Amino acid sequence: MNRAKLNFVRSPLEQLTNTTITINFSILETLLPKCINFKQFGQIVSQIIVTGFIKDTHAASRIVEYSTGYSYVHIDYCRRIFNHIEFPNVFTWNTMMKAYVKRNRPHDAILLYKTMLQNNEFADNHTYPRLVQACALRAMEFEGREFHNHAIKVGFENDVYVCNTLINMYAVCKNLGDARRLFDESLDRDSVSWNSILAGYIQIGNIKEAKLIYDQMPERNAITTNSMIAFLGRCGRVSEAYHLFTQILDKELVSWTAMISCYENNGMHEEALKLFVQMRAKGIAVDEVVMVTVLSACAKSTATQTGEFAHALVIRAGFESYVNLQNVLIHMYSSCGNLVSAQKLFDLSCYLDQVSWNSMLSCYFRCGEVEKANALFDAMPEKDVVSWSAMISGYVQLGSFLETLDLFQEMLLQDVKPDETTLVSVISACTHLSALDQGRWLHAYLKKYGFKENVILYTTLIDMYMKCGCVENAMDVFSGMEEKGVSTWNAVILGLAMNGQVARSLEIFQAMKRNQIIPNEVTFVAVLGACRHMGLVDEGRSYFDSMTKEYNIEPNVKHYGCMVDLLGRAGQLKEAENLINSMPMAPDVATWGALLGACRKHGDNEMGERVGRKLIELQPDHDGFHVLLSNIYASKGDWHDVMEIRGTMTHQGVVKTPGCSMIEANGAVHEFFAGDRSHPQMEEIEAMLAEMAKRLKMLGYAPEMCEVFFDIDEEEKESVLFRHSEKLALAFGLFATKPPMPIRIMKNLRICGDCHEAAKLISIAFYREIVIRDRHRFHHFKDGSCSCMGYW
């Protein structure tokens, strides 16, 4: 044994002293475990190098092994020690490779192997697993295959350790063909072999093969079963996951957590909380992971009492200072509308991270505290894309669409790149404002910056184009999408129907079925809506019946509402009322409202009065029902009842929603209200209104006085009609936009018959295409005709 002298330390390894003793392997083994920092370790290394003890191969291997195991020793320092060894053995080479893999430096491990070969050293059955693991870290299949060939050449192809790491490497690289071939050819499979191939199938989402492997496993431990439970949960196979869960005899916390997470991730929040209660009844202690899942379930199900109980449990377990738990607690309280508790948690937190600030920001918006949200946003020490997205989506949820676009512009000026969530919100704001120019700019932005195809994002883009009346742009986006979700098909079916292309809408529904996309409840709302827009009563009945017969979908109140509206618009009022009375659930006010509108349209005053009175009882604060009933009375000259309805509205504080029309011109959105005179370009608008009246009279236009139910003279009625919001917007659009660009207007209420007739004639008089979107559908006016064909 080579011996050297080492300066001992006064206080173990604190500093070297002048006292020297002879060092041997036993003393080295005693000193190395006592190192608690790099300084102490460095003193030992310096001494063994200076004394030459490093030349002892066995001792050198131990010092390298210890160095790679200490987190405070940098990997490059370990390599410097390794380089001092004159004759490293294969164990030392393997130790250094293992350290590179452990420290996430796979390329250095591979370079070390090349150096090893250059030094004519021979690898063993521990060398190749290290190298294959290095390849798995970066999914380097080509290099991994080379090491596979090396292992075969030196006779290690049947070594279980080598084989298992190769199976894992191929699986990580998603080459399950070679992984499975190795697994099937392996002569000595152990639990690692089975778990490696199972993990591969789980990674690529092949549930069929994963289940086959799991069922064939000779031994299954809790870790394996928990992995399958989590995987089945991700695939939405909750009942199968629960079946596996019940087969675990001695369930530990990880098993309970896997099943609770399975329920929570599949929207089964109540089931998740019930299972958590069962877990606690078994006396299973909680950890941070399960409490995050439970609190998330409380937030999504607004289970306030359970959330408070879980909060108390977090405090008793000593987790209250964990920042991720604080964040989910803030989210839980804000989801339950408890702003006070969320604020208290935020204010008393000792450590706030970016998620904390963002959670509180979302909380303020969720509770309608816009001013507090703005103040918090301004006070944030750092704003990331999530912060901006929370503000933007908050404004969209509150209906502040113009503010949304302003905030988005500010975000871009701050050089913050939006993500898909942000863009979905901004495109939604453009949709509500009919801001087509800005919507098109956003579409170009997606292309320019190479945003990957996202079903939700591109479906929102389709919806925007459809609701701006740009059908072909929407269809171009739809055709270019490789992956289309059911929501994508729904958006196209509904959008085409809204734009008067009912036949094309129903063709898309048939194409959806041919592509084996299963329709859902929303699909049938869109399909029945298409029939409603063109009065296809027989077709609507057929689709309505097919819901239960072909797709096992029970119609909900929206489907019944569509059918009532379809029948009512077609004048089949009695059948519509009978359908309401036969509904298996209580009809909502929208369904009764559809019947009331049909009574008004077809002049059935007796039924209209009865339904109108019922609706006012059901929803006394709804202005539209009061107005419809008032119009029914006015249409037959019953001014006493008209005044009674208006008196009731005044007494109950019900204010009629004013007609509002919006139009985009030169990148700005302009709003007009009925009788509005506040626009800065009012003088030009008045001049255009006069020109419109002049040209319309030349074409034989006569105002439809029945649209004005005031007890006033005919001349005043004509004046009122000509200052409807859509006519003001139309006058502005005629001089603010240039042909051949269509004039696009969005109105918050149903377009009246007089404005509809006027728009048809204006499209002739001014040679312009006009697109008006009201609260029900689109009207494309061109050459004196409308896409609705008079059916709206």
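Residues numbered from 1 in each chain as written. Predicted model: local features only at pLDDT ≥ 70, side-chain atom pairs only at ≥ 80, totals over all residues. Heavy atoms only, no water.

What follows covers the overall build of the chain. Each helix and strand counted, the chain has 42 helices and eight strands in total. A compact globule built from 792 residues would reach a C-alpha radius of gyration of about 28 Å, whereas the chain, at 37 Å, exceeds it by more than 25%. Dimensions of the chain, computed from C-alpha atoms along their principal axes, come out at roughly 120 × 55 × 55 Å. Of all 792 residues assigned to the chain, the portion counted as buried reaches 51%. In the chain, of all internal contacts separated by at least 6 residues, the share reaching a separation of at least 24 is 60%. For the chain, the accessible surface area stands at approximately 37,400 Å², while carbon and sulfur atoms represent 52% of it. Once the 78 positive and 93 negative side-chain charges of the chain are each reduced to a mean point, those two points are 5 Å apart. (Helix = DSSP H or I, 4+ residues; strand = E, 2+ residues; numbered from the N terminus. Rg over C-alpha atoms; globule rule 2.2 N^0.38 Å. Buried < 20%, exposed > 50% of the residue type's maximum accessible area, 1.4 Å probe, protein only. Contact = heavy atoms within 4.5 Å. Areas by Shrake-Rupley, 256 points an atom, 1.4 Å probe, with all protein chains shown as cover. Lys, Arg positive; Asp, Glu negative; His and termini not counted. Charge placed at Lys NZ, Arg CZ, Asp CG, Glu CD.)

This next bit is on the pairing of strand β5 (residues 743-747). With five of five residues buried, β5 is to be regarded as a mostly interior element. With burial as the criterion, each face of β5 is covered, one bearing Ile-743, Ile-745 and Lys-747 and the other bearing Arg-744 and Met-746. Relative to β5, strand β3 (residues 660-665) runs antiparallel, the two being bridged by three bridges. From the neighbouring strand, Ser-661 faces β5, where its bridge partner is Lys-747. Pairing between β5 and strand β6 (residues 770-773): four bridges, direction parallel. Paired with Met-746 across the bridge in β6 is Arg-773. (Pairing = 2+ DSSP bridges.)

Moving on: the packing of aromatic side chains. Taken as a whole and assessed by the stated rule, the structure comprises 26 aromatic pairs. The interplanar angle of 50° and the centroid separation of 6.2 Å between the aromatic rings of Tyr-128 and Phe-156 together place this pair among those described as tilted. Pair noted here: Tyr-128 is in helix α7 (residues 127-137) and Phe-156 is in the loop between α8 (141-153) and α9 (160-172), with a separation of 28 residues, a long-range link. The pair formed by Tyr-128 and Phe-156 is uniform in burial state, with each residue classed as buried. Centroid distance Tyr-242 to Phe-245: 6.0 Å. Interplanar angle 35°. Geometry classified as tilted. In this pair, Tyr-242 and Phe-245 are both assigned in helix α14 (residues 238-247), three residues apart and thus about one turn of the helix distant. We classify Tyr-242 as partly exposed; its relative accessible area is 34%. (Phe/Tyr/Trp six-rings, centres within 6.5 Å; stacked < 30°, edge-to-face > 60°.)

Below, the discussion takes up the pairing of β3. Burial within β3 is extensive, with six of its six residues counted as buried. The two faces of β3 match: Cys-660, Met-662 and Glu-664 on one face and Ser-661, Ile-663 and Ala-665 on the other face are all buried. Relative to strand β4 (residues 668-673), β3 runs antiparallel, the two sharing six bridges. Counted as the bridge partner of Glu-664 is Val-669 from β4. Following β3, the chain reverses through two residues before pairing antiparallel with β4; Asn-666 in that reversal takes a positive phi of roughly 55°.

Our focus in this paragraph is the sheet that holds strand β7 (residues 778-782). Taking strand neighbours across the sheet as the criterion, the six strands line up as β4-β3-β5-β6-β7-β8 in an open arrangement whose pairing is mixed. The sheet terminates laterally at β4 and β8 (785-786), the two strands that pair on one side only. Lying over the sheet, helix α42 (residues 753-765) contacts β6, β7 and β8, oriented at roughly 35° with respect to β7. (Axes fitted to C-alpha atoms, helices over the stretch in contact; angles between N-to-C directions.)

This brings us to the side chain of Arg-768. Along the polypeptide, Arg-768 turns up in the loop between α42 and β6. Although Arg-768 lies buried, it forms no salt bridge, and the closest oppositely charged side chain, Glu-769, sits 8.4 Å away as judged by the N-O distance. Within the structure, the side chain of Arg-768 is placed 2.7 Å from the backbone oxygen of Met-741, a separation counted as a polar contact. (Salt bridge = Lys/Arg side-chain N within 4 Å of Asp/Glu carboxyl O. Polar contact = N/O pair within 3.5 Å; in protein donor to acceptor, adjacent residues only side chain to side chain.)

With that settled, consider the nonpolar core. Counting 221 residues, the largest nonpolar core has Phe-41, Ile-63 and Leu-595 as the members making the most contacts within it. Look past the residues within four positions of Leu-595 in its chain and what remains in contact with it is Val-564, Leu-573, Ala-576, Glu-577, Ile-580, Met-607 and Val-611. Judged by nonpolar contacts, the second largest core, of 35 residues, contains Ala-665, Phe-672, Leu-734 and Leu-761. (Core = buried A, V, L, I, M, F, W, Y, C linked by side-chain atoms within 4.5 Å.)

Now for a negative patch on the surface. A grouping of Asp-378, Glu-403, Asp-406 and Glu-410 is seen on the molecular surface, where their side chains present a negatively charged patch. It is helix α24 (residues 401-413) that contributes the most residues to the negative patch, three residues altogether. As for its position among the elements, Glu-410 is in helix α24. Relative accessible area serves as the criterion here: at 40%, Glu-410 is assigned to the partly exposed category. (Patch = residues over 30% accessible without salt bridge, like charges linked within 9 Å, V, L, I, M, F, W, Y side chains within 5 Å.)

Evaluation of the coordinates by the stated rule reveals 28 salt bridges. A salt bridge links Glu-65 to Arg-62, with the shortest nitrogen-to-oxygen separation between them at 2.5 Å. Linking Glu-65 with Arg-62, this pair stays in helix α3 (residues 57-69), spanning three residues, or about one helical turn. By relative accessible area, which is 31% here, Glu-65 ends up partly exposed. A salt bridge links Glu-686 to Arg-677; the nearest nitrogen and oxygen atoms lie 2.9 Å apart. Judged by its relative accessible area of 28%, Glu-686 is partly exposed.

Let us now look at the confidence of the model for the chain. Of the residues in the chain, 95% have a pLDDT of 70 or more, and the chain-wide mean is 88. In this model residues 1-21 is a low-confidence stretch, pLDDT under 50, and it forms 60 contacts with partners more than four residues away in sequence or in other chains. Contacts for the low-pLDDT stretch residues 707-718, under 50 throughout, to residues beyond four places or in other chains number 25 contacts. (pLDDT = per-residue confidence, 0-100.)

This next bit is on the packing of helix α5 (residues 90-102) against α7. Relative orientation of the contacting elements α5 and α7 amounts to 15°, with a least axis distance of 9 Å. It follows from the interaxial angle that α5 and α7 lie roughly parallel. Read as a crossing pair, α5 and α7 show a hand that is left-handed. For the pair α5 and α7, the contacting residues are Val-90, Asn-94, Met-97, Lys-98 and Val-101 in the first and Thr-127, Arg-130, Leu-131, Gln-133, Ala-134 and Leu-137 in the second. (Parallel < 35°, antiparallel > 145°, perpendicular 65-115°, else oblique. Left-handed = near helix turned anticlockwise from the far one by under 90°.)

All right, on to the side chain of Arg-569 then. For Arg-569, the position within the fold is in helix α33 (residues 557-569). With near-sequence residues (within four places) excluded, Arg-569 lies in contact with Arg-532, Ala-598, Lys-601, His-602, His-776, Tyr-791 and Trp-792.

With that out of the way, let us pick up the environment of Lys-300. Relative to the helices and strands, Lys-300 resides in helix α17 (residues 288-301). On the basis of relative accessible area, Lys-300 is assigned to the partly exposed category, the value being 48%. For Lys-300 and Ile-85, which are 215 residues apart along the polypeptide, the C-alpha to C-alpha distance reads 60 Å.

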